[in-house]
Amino acid sequence: MAFECDYIWMNGEFVPFAEAKVHFLTSSLHYGTSLFEGIRSYSTPEGPAVFRLKDHINRLIKSAHILGIQDLPYSFEEMYEAALEITRKNNMEECYIRPLIYISVGGWNLSVEGVTINMGIACWKWNNYLGEAALINGVRANVSSFARHHANIMMTKGKVAGNYVNSVLAKTESMRLGFDEAIMLDSQGNVSECTGENLFTVRNGVIYTPPRNSVLEGITRESIICLAKDLGYEVVEETITRDQLYISDEVFVSGTAAEVIALSQIDFRQIGTGKTGPVCASLQAAYSDAIHGRNSKYEHWLDYIYQKEENSLAS
Ligand SMILES: Cc1ncc(COP(=O)(O)O)c(C=O)c1O
């Protein structure tokens with residue numbers, strides 16, 4: 001992945017890529033106390049649009065709230081506008097957008113009391129997080145030896161940088177074992193989620209997904225649940241065990257970076273046909289239509305990078 005963009009938005013300024021630096025003595029770097037989002041924009045017939053930007057900005061604000069940060073230097077509207085502005089400034093259409101909020105001054109006493117908060121937003125082209133062939137072939141996963149956070153240890157509803165050490169441990173182990181992704185169990189031993197994706201199973205046409213207690217409340221997860229119900233599927237949020245994964249007709253994962261990808265094998269056991277199954281395929285198609293503005297029912301999920309009038313003027 002090449003991080004290529006001309007500018008990064010930093011505290012209200014467009015800073016050239018090479019100058020977008022933070023000081024070594026930034027406590028968030030030392031203690032993992034930054035908060036971030038992962039957002040994507042897509043091309044649509046009406047011009048490029050960011051998918052569910054408002055929901056991502058809301059989750060970013062909630063992540064700060066969970067960490068105990070009381071005053072953010074930017075309002076919802078300012079962050080929302082800045083995310084659109086940085087994609088425009090970089091002339092990006094389909095891209096990944098990464099806002100990051102961090103403590104620039106203070107925080108050395110392991111508290112967020114009295115700290116100064118800074119914020120940056122980058123964007124870059126990032127395709128196929130789980131590989132080119134994954135859409136059709138799925139990817140191979142294992143159940144990690146690392147458990148997902150207990151909610152009273154690391155708050156799983158916040159995208160706090162420090163939380164991701166858990167994901168890095170699990171994903172590194174999986175990749176070194178020859179798998180593509182790691183499935184993590186919660187502290188009770190039930191299926192939780194993957195390192196950067198939520199998880200779904202399919203059995204006899206019914207879609208199951210673990211309840212929200214130990215997982216990040218994925219915006220793609222919520223979109224998939226909505227799309228699945230609209231397609232007529234029953235969706236059940238319930239506890240899933242490791243052996244229920246093995247005997248599922250299909251298992252697939254969802255996330256902004258990965259989008260919707262099947263798990264073809266888990267712990268060396270083939271899942272279903274060992275390829276993307278029909279339910280996953282129908283959701284991949286519905287998701288693709290929604291993000292690319294091909295289904296007017298989900299128009300409210302799109303925030304256009306340029307006003308529609310500007311688009312029509314430009315064309
Ligand atoms: C741990 C974890 N679970 C699930 C997800 C999926 O969330 P979303 O669909 O909002 O990208 C992510 C990605 O942000 C994640 O990091």
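The rules behind these values
- Every chain is numbered independently, its residues counted from 1 as its sequence is written.
- Only residues with pLDDT of 70 or above have their local features reported here, since the model is predicted, and side-chain atom pairs are shown and tallied only from 80 upward, although totals for entire chains, interfaces and linings are computed over all residues.
- For each residue, a C-beta atom is placed from the backbone, and the residue is labelled near a molecule or strand when this atom is within 6 Å of it.
- Secondary structure counts use DSSP, requiring at least four H or I residues in a row for a helix and at least two E residues in a row for a strand, with both numbered from the N terminus.
- Asp, Glu, Lys and Arg are counted as charged, while Ala, Val, Leu, Ile, Met, Phe, Trp, Tyr, Cys and Pro are counted as nonpolar; the rest, among them Gly, fall into the polar class.
- Multiply 1.5 Å by the residue count of a helix minus one, and that product is the helix's expected span.
- Residues are called buried when their C-beta atom has 20 or more other C-beta atoms within 10 Å, exposed when it has 12 or fewer, and partly exposed otherwise; all C-beta atoms are positioned from the backbone.
- Annotation comment: domain bounds sourced from an automatic or database domain assignment.
- Whether two residues are in contact depends on their C-beta atoms, placed from the backbone: they are in contact if these lie within 7 Å.
- What pLDDT conveys is the predictor's confidence in a given residue, as a value from 0 to 100.
- Lines fitted to the C-alpha atoms define the axes, with helices restricted to the stretch that makes contact. Angles between their N-to-C directions range from 0 to 180 degrees.
- Oblique is the label for any angle not under 35 degrees, not over 145, and not in the 65 to 115 range, which are roughly parallel, roughly antiparallel and roughly perpendicular in turn.
- Helix crossings fall into two classes, left-handed where the near helix is turned counterclockwise from the far one by less than a right angle and right-handed where it is turned clockwise.

Visitor: Explanation requested: the site of the ligand in the structure shown.
Guide: In the vicinity of the ligand there are 14 residues, among which G218, I219, T220, G255 and T256 approach most closely. Of the residues forming the shell around the ligand, the biggest block, three residues, is contributed by helix 6 (residues 219–230). Of the residues contributing to the shell around the ligand, the split by class is two nonpolar, nine polar and three charged.

Visitor: Please clarify how helix 3 (residues 76–89) should be interpreted in this entry.
Guide: With 14 residues, helix 3 should cover 20 Å at 1.5 Å per step; its first-to-last C-alpha distance of 20 Å lies within 8% of that length. Looking only at helix 3, the buried set comprises M79, A82, A83, L84, I86 and T87. Just downstream of helix 3, N91 is the residue with a positive phi angle, here 50°.

Visitor: Whenever I open this one, the domain arrangement of the protein confuses me. Can you help?
Guide: How big an interface is tends to be stated in terms of the accessible area lost upon association of its parts. With domains assigned, the protein is organised as domain 1 (7–124) and domain 2 (134–297). Centre-to-centre, using C-alpha coordinates, domain 1 lies 26 Å away from domain 2. Residue-level contacts link 24 residues of domain 1 with 14 residues of domain 2. For the side of domain 1 that touches domain 2, the secondary-structure elements that each account for two or more residues are strand 3 (35–36), strand 4 (39–42), strand 5 (49–51) and helix 2 (53–67).

Visitor: Before we go on, may I ask you to explain unusual backbone geometry in this structure?
Guide: With glycine set apart, most residues show a phi of negative sign, and most peptide bonds adopt trans. Unlike most non-glycine residues, D267 shows phi in positive territory, near 50°. Inspection of the secondary structure puts D267 in the loop between strand 15 (259–266) and strand 16 (269–270). One non-glycine residue, F268, lies in the positive phi region at around 70°. Structurally, the position occupied by F268 is in the loop between strand 15 and strand 16.

Visitor: Sorry if this is basic, but what is going on with the confidence of the model for the protein here?
Guide: As a note on interpretation, predicted positions should not be read in detail where pLDDT is low. On average, residues of the protein score 95 in pLDDT, and 97% of them reach the 70 mark or higher. Predicted confidence for residues 311–315 stays below pLDDT 50, and this span has three contacts to residues more than four positions away or in other chains.

Visitor: Teacher, can you tell me more about the packing of helix 2 against helix 3 here?
Guide: To characterise two packed helices, one gives the angle between the axes of the helices and the distance between these axes. Relative to each other, helix 2 and helix 3 sit at 125°, their axes nearing to 10 Å. With respect to helix 3, the element helix 2 is oriented oblique. The two elements helix 2 and helix 3 cross, and the hand of that crossing is right-handed. Every residue of helix 3 that contacts helix 2 at L53, K54, I57, L60 and I61 is listed here: F76, M79, Y80 and A83. Its residues assigned to classes, the contact of helix 2 with helix 3 shows eight nonpolar, no polar and one charged.

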